[in-house]
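One letter stands for each residue in the lines below.
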Amino acid sequence: MSTLTSVSGFPRIGQNRELKKIIEGYWKGANDLAAVKATAAELRAKHWKLQQAAGIDLIPSNDFSYYDQMLDTAILLNVIPQRYARLSFDNQEDTLFAMARGYQGDKGDVTALPMKKWFTTNYHYLVPEVESAAEIKLNSTKPFDEFNEAKALGIDTKPVFIGPYTFLKLARTPEATELELDKGLVNAVAAVYVEVLAKFNELGAAWVQLDEPYLVLDKEPGDVELFKTLYTKILSAKGNVKVLLNTYFGHIADVYETVNLLGFDGIGLDLNEGREENLEAVAKYGVASNTTIFAGVINGRNIWRNNYATSLGLVDALKQVTANVAVSTASSLLHVPFSTEGETGIPAEDLKHFAFAVQKLDELKEVAALADATEDERMADFRERGYQMMLESIRQTCHEARCDFDVWFSERSLYVKDETGSSAVDRALAKLDELGYLYKDEAGALWFRSTDFGDDKDRVLLKENGEYTYFMSDVAYHYDKMQRGFDHLIDLWGADHHGYIRRCDCLLYTSDAAD
């Protein structure tokens, strides 16, 4: 079975910031809410299809938001302070916008919820304000609507939520103090997540992802017990849905043993931040037999291309402990730009080092494929990638020297045998031998009699150990070029290759095409 690939979340703003523009237009009165919803649906469809085309197995849904996922979660749980509820908007979107940016109009005058930094990122979230546990209930169909929306496109998705532990730890009272996490509040929140999982059982979801980034922070007294209480209730009612506990922005080594024993179907570990601690915890406590470790090796927070050798080393380390390893983004890709495509302001020499969200999809799939490959297959893949990188560098250098070639010829192809069982190298050697310009020395090396044409010494083509020399490729290429009908050849030599000029001149004198 091939290694699963999973994306924790995808940018929602659009390649050209379409979502930002349509929402701001709505706030200014330039367009209506129907236009906002239509643009949002177009973006979701586009982003799901991009991930599907990249071959991603677990594509996220409900990662889309008009503002931020903590605010979405507050609305999902009906954690809507009365000052916003009294505005009595006809739709949830306007309530969400009022909570996010305030509202001053015919319906009232309210300020926005406070905003705080989202962990160590440059993003922010609206701080939920819990007035009463009695008000908490399932209050939104958004996650189910978007799951069905993707399903109608033929795409099965993995719904994504902010987990209950993170929500409760980040939410505050109306007085902006930490919540008193009594039994009533904890049970009310857990009950909504149970109801959500029950609904996704009905809809046929295979996986649901619950993000718990707060789990990487230092624990206060009662935190681990809170986490256990929440998930004991939630996991006991999950039915056929597989639950992925996703963590990021650090390690969970101090609580991994507890997490591992709770019976999650998947545990997502950030192997960029907190790498060593997470690996040590897995090695120490193992992995439950029915649990898959989601290896977060594709960095969701920086713009640099992935180091495949490093990522594969991390996946291999996990596979020493368990065979159940999936490859994932370390966090949502929300934190990186959309795509390098269209980035005309960045020099090509620099851009080749970048991987934005779309490019990271390809990296994810490629790392997963290499994770399933043998060592020999991996080395062959790396050689090919190195070859392509060097070729591109050579192309760029030639272009800067105002020397652009229409056709690029691979040296390796000179050694590939055709349907007759002959290669370009074979044919060149056969021609030179026919003309009497080859001989073998006592050690078995094969030489070209270039001194017959004025060279200062003969040139070896095949070493005594059976390896061809660089000059053999030059010989085969020039012969092949002439056999393809070219009668005018221009060689461009590097500054340290002037010694090749004479020997190639000698070679051309052996050809029937030479004067």
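For the structure itself, look to the data block above.
Note that the structure is a prediction, hence the values are computed from the model and not measured.

Definitions and cut-offs
Residues numbered from 1 in each chain as written. Predicted model: local features only at pLDDT ≥ 70, side-chain atom pairs only at ≥ 80, totals over all residues. Heavy atoms only, no water. Helix = DSSP H or I, 4+ residues; strand = E, 2+ residues; numbered from the N terminus. Rg over C-alpha atoms; globule rule 2.2 N^0.38 Å. Buried < 20%, exposed > 50% of the residue type's maximum accessible area, 1.4 Å probe, protein only. Contact = heavy atoms within 4.5 Å. Areas by Shrake-Rupley, 256 points an atom, 1.4 Å probe, with all protein chains shown as cover. Lys, Arg positive; Asp, Glu negative; His and termini not counted. Charge placed at Lys NZ, Arg CZ, Asp CG, Glu CD. Pairing = 2+ DSSP bridges. Axes fitted to C-alpha atoms, helices over the stretch in contact; angles between N-to-C directions. Patch = residues over 30% accessible without salt bridge, like charges linked within 9 Å, V, L, I, M, F, W, Y side chains within 5 Å. Salt bridge = Lys/Arg side-chain N within 4 Å of Asp/Glu carboxyl O. 1 Å grid on protein atoms, 1.4 Å probe; cavity = no way out; pocket = protein on both sides within 12 Å on 5 of 7 lines; lining within 4 Å. Points joined across faces, edges and corners; volume = space filled by probe spheres on them. Nonpolar A, V, L, I, M, F, W, Y, C, P; charged D, E, K, R; others polar. Core = buried A, V, L, I, M, F, W, Y, C linked by side-chain atoms within 4.5 Å. Phe/Tyr/Trp six-rings, centres within 6.5 Å; stacked < 30°, edge-to-face > 60°. Lys NZ or Arg CZ within 6 Å of the ring centre and 35° of its normal. Parallel < 35°, antiparallel > 145°, perpendicular 65-115°, else oblique. Left-handed = near helix turned anticlockwise from the far one by under 90°.

1. Things to note about the overall build of the protein chain
Then comes step 1: Helix and strand counts for the protein chain come out as 18 helices and 15 strands.
Then comes step 2: By the compact-globule yardstick of 24 Å for 515 residues, the protein chain is too spread out, its C-alpha radius of gyration being 31 Å.
Then comes step 3: Here the protein chain holds 515 residues, and 50% of them are scored as buried.
Then comes step 4: Expressed as a percentage of contacts within the protein chain between residues at least 6 apart in sequence, the contacts between residues at least 24 apart total 72%.
Then comes step 5: When the accessible surface of the protein chain is split by element, carbon and sulfur atoms take 49% of a total near 25300 Å².
Then comes step 6: In the protein chain, 54 side chains carry a positive charge and 80 a negative one; their mean positions are 3 Å apart.

2. Topic: the sheet that holds strand E13 (residues 438-440)
Then comes step 1: The strand order across the open sheet formed by three strands is E13-E14-E15, and the pairing between neighbours is antiparallel. Of all strands in the sheet, those with a lone pairing partner are E13 and strand E15 (459-462), marking the two edges. Neighbour to neighbour, the strand axes of the sheet diverge by 40° on average, direction disregarded.
Then comes step 2: In this structure, E13 lies alongside strand E14 (residues 446-448), joined through three bridges in antiparallel fashion. In the strand pairing of E14, Leu438 is matched with Phe448.
Then comes step 3: Against the sheet, helix H17 (residues 470-483) contacts E14 and E15, and its axis sits at roughly 85° relative to E15.

3. A few points about a nonpolar patch on the surface
Then comes step 1: A contiguous nonpolar surface patch, about 520 Å² in accessible area, is contributed by Ile394, Phe405, Trp408, Ile490 and Leu492.
Then comes step 2: Take Ile490: it is sitting in the loop between H17 and helix H18 (499-509).
Then comes step 3: Residue Ile490 is classed as exposed on the basis of its relative accessible area of 69%.

4. A closer look at empty space enclosed by the protein
Then comes step 1: In this structure the tally under the stated criterion is two cavities of 30 Å³ or more.
Then comes step 2: Its volume calculated, the largest cavity comes out at about 80 Å³.
Then comes step 3: Lining the largest cavity, in full, are Phe10, Pro11, Arg12, Leu43, Arg44, His47, Trp48, Gln51, Pro60, Asp63 and Phe64.
Then comes step 4: For the lining of the largest cavity, the element with the highest residue contribution is helix H2 (residues 33-53), accounting for five residues.
Then comes step 5: Across the lining of the largest cavity, the residue classes tally to six nonpolar, two polar and three charged.
Then comes step 6: Roughly 30 Å³ of volume is contained in the second largest cavity.
Then comes step 7: Class assignment for the residues of the lining of the second largest cavity results in one nonpolar, four polar and three charged.

5. Structural notes on the nonpolar core
Then comes step 1: Counting residues in hydrophobic clusters, the biggest one holds 92 residues, and the most contacted among them are Phe200, Tyr231 and Phe264.
Then comes step 2: At eleven residues, helix H8 (residues 183-203) tops the list of elements feeding residues into this core.
Then comes step 3: One finds Tyr26, Tyr84, Phe89 and Ala98 within the second-largest nonpolar core, a separate group that totals 25 residues.

6. Quick word on the layout of surface pockets
Then comes step 1: Its volume calculated, the largest pocket comes out at about 1600 Å³.
Then comes step 2: If you go around the largest pocket, you meet 30 residues; those closest to its centre are Phe405, Trp408, Phe409, Tyr477 and Leu492.
Then comes step 3: Sorting the residues of the lining of the largest pocket by element identifies helix H15 (375-400) and H17 as the ones contributing at least two each.
Then comes step 4: In terms of residue count, H17 provides more of the lining of the largest pocket than any other element does, six residues in total.
Then comes step 5: Of the residues contributing to the lining of the largest pocket, the split by class is 18 nonpolar, six polar and six charged.
Then comes step 6: Taken as a whole, the second largest pocket encloses approximately 950 Å³ of empty space.
Then comes step 7: For the second largest pocket, the lining is made up of 44 residues, of which Arg12, Ile13, Tyr67, Tyr123 and Leu334 are closest to its centre.
Then comes step 8: Within the residue set of the lining of the second largest pocket, elements represented by two or more residues are helix H1 (18-27), helix H3 (69-76), strand E6 (124-126) and strand E7 (157-162).
Then comes step 9: If you tally residues by element for the lining of the second largest pocket, the top one is H1, at five residues.

7. Describing the packing of aromatic side chains
Then comes step 1: By the definition in use, this model includes 30 aromatic pairs.
Then comes step 2: A centroid spacing of 5.5 Å and a plane angle of 35° characterise the contact between Trp493 and Tyr500, whose relative ring orientation is tilted.
Then comes step 3: Judged by relative accessible area, Trp493 falls into the partly exposed class, the value being 30%.
Then comes step 4: Under the relative-accessibility criterion, Tyr500 is labelled buried at 18%.
Then comes step 5: Linked through ring pairs, Trp118, Phe119, Tyr125, Tyr165, Tyr214, Phe227, Tyr231, Tyr248, Phe249 and Phe264 together constitute an aromatic cluster.
Then comes step 6: For Arg503, the ring lying beneath its charged end belongs to Tyr500, and the centroid distance is 4.2 Å.

8. Observations regarding the sheet that holds strand E8 (residues 207-211)
Then comes step 1: Read across the open sheet, the eight strands follow the order E1-E12-E11-E10-E9-E8-E7-E2; overall the sheet is parallel. If you trace the sheet from one side to the other, it starts and ends with strand E1 (5-6) and strand E2 (59-61), each paired once.
Then comes step 2: As judged from the five bridges shared by strand E11 (residues 292-298) and strand E12 (residues 325-329), these two strands associate in the parallel manner. Paired with Phe294 across the bridge in E12 is Ala326.
Then comes step 3: Sheet contacts for H8: E7, E8 and strand E9 (242-246); angle to E7, the most-contacted strand, approximately 175°.

9. Considerations on the packing of H3 against helix H5 (residues 92-101)
Then comes step 1: Interaxial distance between H3 and H5 falls to 11 Å at its minimum, and their mutual angle equals 125°. Overall, the two elements H3 and H5 adopt an arrangement that is oblique. Here the hand of the crossing between H3 and H5 comes out right-handed. Of the residues in H5, those touching H3 at Leu71, Asp72 and Ile75 are Gln92, Leu96, Met99 and Ala100.
Then comes step 2: Partitioning the contact of H3 with H5 into residue classes produces five nonpolar, one polar and one charged.

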